[in-house]
Amino acid sequence: GGKAYAFFIKEDGSLWAAGTSESGVQGTGDGMDHKELVRVGTDNDWADVTASHFWGYSAIGLKTDGTIWGWGQNNSGQLGLGNATSQSSPVQIGTANDWVYVKAIDNRTYAIKADGTLWATGDNYSNLLGFNQSDEELVSLYYEFTKVTTVPDGVLSVSGCENTTTIAIGKDGVITEIYAIGSNSDGALGDGNGKLLTATSSSDEMPFSAKPVKPLLPEGATYSMLASGQSYSFVLTTDGKFYAWGRNKGGQLGDGSELEQLQTSYQKKPIEIACPGGATPGGGDEDVVTVPSDDIPSDLKKA
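Along each chain, numbering runs from 1 in the same order as the chain's sequence is written. Residues qualify for local features only when their pLDDT is at least 70, as the model is predicted, and side-chain atom pairs are given and counted only at 80 or more; totals for whole chains, interfaces and linings, by contrast, use all residues. Where side-chain values are given, they derive from all heavy atoms of the structure, hydrogens and water being excluded.

Let's talk about the overall build of the protein chain
Here is the rule: Only DSSP runs of H or I with at least four residues qualify as helices, and only runs of E with at least two residues qualify as strands; both kinds are numbered from the N terminus onward. Throughout, radius of gyration means the C-alpha value; the globule benchmark is 2.2 Å times the number of residues raised to the power 0.38. Accessible area is worked out with a 1.4 Å probe on protein chains only. A residue is then buried under 20% of its type maximum, exposed over 50%, and partly exposed in between. The contact definition used throughout considers only heavy atoms, calling two residues in contact when any of these lie within 4.5 Å. None of His or the chain ends enter the tally, which takes Lys and Arg as positive and Asp and Glu as negative. Note that the charge is assigned to NZ on lysines, CZ on arginines, CG on aspartates and CD on glutamates.
Of regular secondary structure, the protein chain possesses zero helices and 19 strands. At 21 Å, the protein chain has a C-alpha radius of gyration in line with the 19 Å of a compact globule built from 303 residues. Burial analysis of the protein chain (303 residues in total) assigns 46% to the buried set. Expressed as a percentage of contacts within the protein chain between residues at least 6 apart in sequence, the contacts between residues at least 24 apart total 47%. The positive charge centre, built from 20 side chains, and the negative charge centre, built from 38, are 3 Å apart in the protein chain.

What follows is the structure, encoded as structure tokens:
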């Protein structure tokens, strides 16, 4: 889903949409908002759809034949079609058929090929596409998918927000390396060099890295998931541990910070988050707490 719009894929591979038709983002081609699900085209080979859920109105779809298709807003080239023309229905992006993953973030888009190479297009004003360009050589807008060579091959997934990009590297679904790019406000990069963003500070004062850096995660750990929100990230280790870093002004890290501390709460580097009740996959009886029914108060607050 995105900003007032959403997509659904049925078991038969058909694609459906609902919500706003801003910039043609529904892909239905009729220019109308829909309060009920409407089918997008007639194809039955959709595998995945990603939407620019923070600010933009763009969508990229991956089909089972390895092709990718774009529709919606295309002002900074985020559809990778070689132009800045918005599309009201899905249009194939290039001719390649070896794509395995797509991710839209704001007005930029990332895609991964079967060989593990990372490609990006769209808004690059802040170097967030990952090309690590100097001020003199900075290309602010890309209109076609271009290979990112600043991180190793073997890219599994991409996450991030308007100010940062996080990249997971690994093999066979197991993440072995993580990189972060962009603003380090509230510790978003997790490398220990972050700075608290306050109401009186400017984003221009925040540390920034156009070069991919590694969050200070435990040496030798492997991960099954990476997910990022607005200047914060989570990873889940393959043995069931949970680490988080970055902004915590809403308590989103789940680290137990007191309410009165939240306006200044952030983590410069990853910390392990305690998971109540035991979170180890396949955990045994040690994760089970038995309480006699007579000892449970009828008042839920007391319980």
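Text resumes after the structure shown.
Thoughts on the sheet that holds strand 5 (residues 58–63)
Here is the rule we go by: Should DSSP find at least two bridges between two strands, the strands are regarded as paired. Helix axes are fitted to C-alpha atoms over the stretch in contact, other axes to C-alpha atoms as well, and angles between N-to-C directions run from 0 to 180 degrees.
One open sheet holds the four strands; their spatial order is 4-5-6-7, and the pairing between them is antiparallel. Because the sheet does not close on itself, it has two edges, and the strands there are strand 4 (46–51) and strand 7 (87–92). Strand-to-strand twist of the sheet, defined as the mean angle between neighbouring strand axes without regard to direction, takes the value 20 degrees. Alignment of strand 6 (residues 68–72) against strand 7, held across three bridges, turns out to be antiparallel. Bridge pairing in strand 7 links G70 to V91.

What to know about the pairing of strand 17 (residues 232–237)
In terms of strand pairing, strand 16 (residues 223–229) meets strand 17 through six bridges, oriented antiparallel. Paired with S228 across the bridge in strand 17 is S233. Linking strand 16 back to strand 17 in an antiparallel pair, the connection comprises two residues, with S231 at a positive phi of about 70 degrees. Note that strand 17 and strand 18 (residues 242–247) share five bridges and pair antiparallel. Following the sheet pairing, F234 is matched in strand 18 by A244. Connecting strand 17 to the next strand, strand 18, in antiparallel fashion are four residues, including G240 with a positive phi near 90 degrees.

Here's the deal with the pairing of strand 9 (residues 108–113)
With six of six residues buried, strand 9 is to be regarded as a mostly interior element. Across the two faces of strand 9 the burial is the same, with R108, Y110 and I112 and T109, A111 and K113 all buried. The sheet contact formed by strand 8 (residues 99–105) and strand 9 spans six bridges and is antiparallel. Pairing of V102 across the sheet is with A111, part of strand 9. Linking strand 8 back to strand 9 in an antiparallel pair, the connection comprises two residues, with D106 at a positive phi of about 50 degrees.

What to know about the nonpolar core
As a reminder of what qualifies: We call a set of buried residues a nonpolar core when its members are Ala, Val, Leu, Ile, Met, Phe, Trp, Tyr or Cys and they connect through side-chain atoms within 4.5 Å of each other.
The biggest cluster of nonpolar side chains holds 20 residues, and the ones touching the most others in it are Y110, L118, V151, V155, V158 and I167. Those elements that provide at least two residues to this core are strand 8, strand 9, strand 10 (118–123), strand 11 (141–148), strand 12 (155–160), strand 13 (164–171) and strand 14 (174–183). Leaving out residues up to four positions away in the same chain, Y110 has contacts with Y101, V102, K103, I105, L118, W119, A120, L128, L129, F145, V158 and T165. Of all hydrophobic cores here, the second largest spans 13 residues; its members include F7, A17, Y57 and A59.

Side note on the pattern of salt bridges
Keep this limit in mind: What makes a salt bridge here is a side-chain nitrogen of Lys or Arg within 4 Å of a carboxyl oxygen of Asp or Glu, nothing more.
According to the stated counting rule, one finds six salt bridges in the structure shown. Residue D45 pairs with K63 through a salt bridge whose shortest N-O separation is 3.5 Å. Note that D45 is positioned in the loop between strand 3 (34–39) and strand 4 and K63 in strand 5, a separation of 18 residues in sequence. By relative accessible area, K63 is classed as buried at 4%. For K113, the salt bridge identified is with D98, shortest N-O distance 3.9 Å. You can see K113 sitting in strand 9 and its partner D98 sitting in the loop between strand 7 and strand 8, a full 15 residues away along the chain. Given a relative accessible area of 15%, K113 falls into the buried group. When salt bridges that share partners are traced, they join D43, D45 and K63 into one network.

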